[in-house]
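# Reading the structure
The chain contents come next:
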Amino acid sequence: MRIVVVGATGNVGTSTLKSLGEDERVDSILGVARRRPELEMPKVEWQEADVRSSDLASLFRGADAVVHLAWLIQPSRDERETESVNVVGSERVFGAVADAGVPRLVYASSVGTYSPGPKDRFVDESHPTDGIESSFYSRHKAAVERILDRFEAATPSVSVARLRPALIFKGDAASEIRRLFAGPLLPNALLTRSLIPVVPAVPGLRFQAVHSLNVGDAYRRAVFSEATGAFNLAADPVLDPDHLGEVLGARPVKVPRGPLRAFVSATWHLRLQPTPPGWLDLALEVPLMSTERAKRELGWQPRRTADEALLELLDGLRRGEGLPTPPLDPQAGGPLRSREFASGVGARPAV
């Protein structure tokens, strides 16, 4: 089989390539990205392309499946730029899949597509997917799900699965995650576990996480499955302030949502960090997800706990880990993180 992975050089892309490359049913993989990486992986050849403008159908012809992962989280201060990739680019990918006659499409949705929901129980994939209005990431995820609904109705020849993971962590993605969400002013050394004395106990702070390699395994399983529709992905346990305090050896300290949101908003507007307050709203409002459908129909089972994924990320952040791809490269921010500062800390892509 020949598989095309669009957005193949990031956190989930590299994990998906690894999982596919280890499957004997896969003969070749085309990794598509805006910039060619130095990374070499089994069965993988690379192709530079931009989902907004490139001839994608020519890249997809002859493929047995396309996995669409390409997505922009930054620049957070230029929604026209992020929407051009996330929404317009995704629609172009779907159209190219149909034009090329590819029979299987697997799309990277997210917990962020869900409308506000409960934190005291788990919801399945039927929960409404209108997103969190204050989060551009969530609005884009919800918009693409509507586009995909229309695509499925109009293109019955393409079998479609959409995966909705929780927060995705791995040590090799640490440098990228730090650039995307914390920015250039956070010293790596401060992320030593012993230097994290408190955890903010914000009402509603209960969330899920999953290791990137386990997500890559889910995409591989979805490629070879005939199952269609949505699949939630998350690992146990649910992470909340009390549990995080136990894992990190830190003390939960009550913090009201309003002041915390004001702090995030102020630091974002002052360009001290690149994450707008909509991300906090998303974390506090999206529901907890049941993963029973993925386990039942894809045979998926996360092999690492949410704790393990989080601790691996923290250790990777402290060590400044990464991989030789443009998004994951630990040196991508430039000397003394100069390119991150020059980007306006979220006004333009830093890498």
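Here, the structure is the one placed above.
Let me sum up the structure you'll find in this document. (Residues numbered from 1 in each chain as written. Predicted model: local features only at pLDDT ≥ 70, side-chain atom pairs only at ≥ 80, totals over all residues. Heavy atoms only, no water.)

## Here's the deal with helix α9 (residues 278–285)
Among the eight residues that make up α9, six are buried, leaving the element largely enclosed by the rest of the structure. When α9 is considered as a whole, its buried residues turn out to be G278, W279, L280, D281, L282 and L284. Residues of α9 that are buried make contact with α4 (136–154), α5 (174–182) and α8 (257–269). (Buried < 20%, exposed > 50% of the residue type's maximum accessible area, 1.4 Å probe, protein only. Helix = DSSP H or I, 4+ residues; strand = E, 2+ residues; numbered from the N terminus. Contact = heavy atoms within 4.5 Å.)

## What about helix α1 (residues 11–21)?
Of all 11 residues that make up α1, 10 are buried, and the element is covered over most of its length. Within the sequence span of α1, burial applies to N11, V12, G13, T14, S15, T16, L17, S19, L20 and G21.

## Thoughts on the nonpolar core
Where a protein is soluble and globular, its nonpolar side chains tend to be buried together. Of all hydrophobic cores here, the largest spans 61 residues; its most connected members are I3, V5, L17, V67, L163 and Y219. In terms of residues, this core owes the most to one element, helix α11 (residues 306–319), which gives seven residues. Apart from residues no more than four positions distant in its own chain, V5 is found in contact with T16, L17, L20, I29, L30, G31, V32, V67 and L69. V102, I132, L148 and W279 belong to the second largest nonpolar core, which has 44 residues in total. (Core = buried A, V, L, I, M, F, W, Y, C linked by side-chain atoms within 4.5 Å.)

## Topic: the sheet that holds strand β7 (residues 159–165)
Read from one edge to the other, the open sheet built from seven strands follows the order β3-β2-β1-β4-β5-β7-β11, with strand pairing classed as parallel. Across the chains shown, the open sheet's two edge strands, defined by having one partner strand only, are β3 (44–48) and β11 (229–233). Strand after strand, the sheet turns through a mean of 20° between neighbouring axes, direction not considered. By the bridge criterion, five bridges tie strand β5 (residues 104–108) to β7 in an arrangement that is parallel. The residue bridging V106 from the neighbouring strand is A161, located in β7. Running over the sheet, α1 touches β1 (2–6), β2 (28–33) and β3 and is turned about 170° from β1. Sheet contacts for α4: β5 and β7; angle to β7, the most-contacted strand, approximately 165°. (Pairing = 2+ DSSP bridges. Axes fitted to C-alpha atoms, helices over the stretch in contact; angles between N-to-C directions.)

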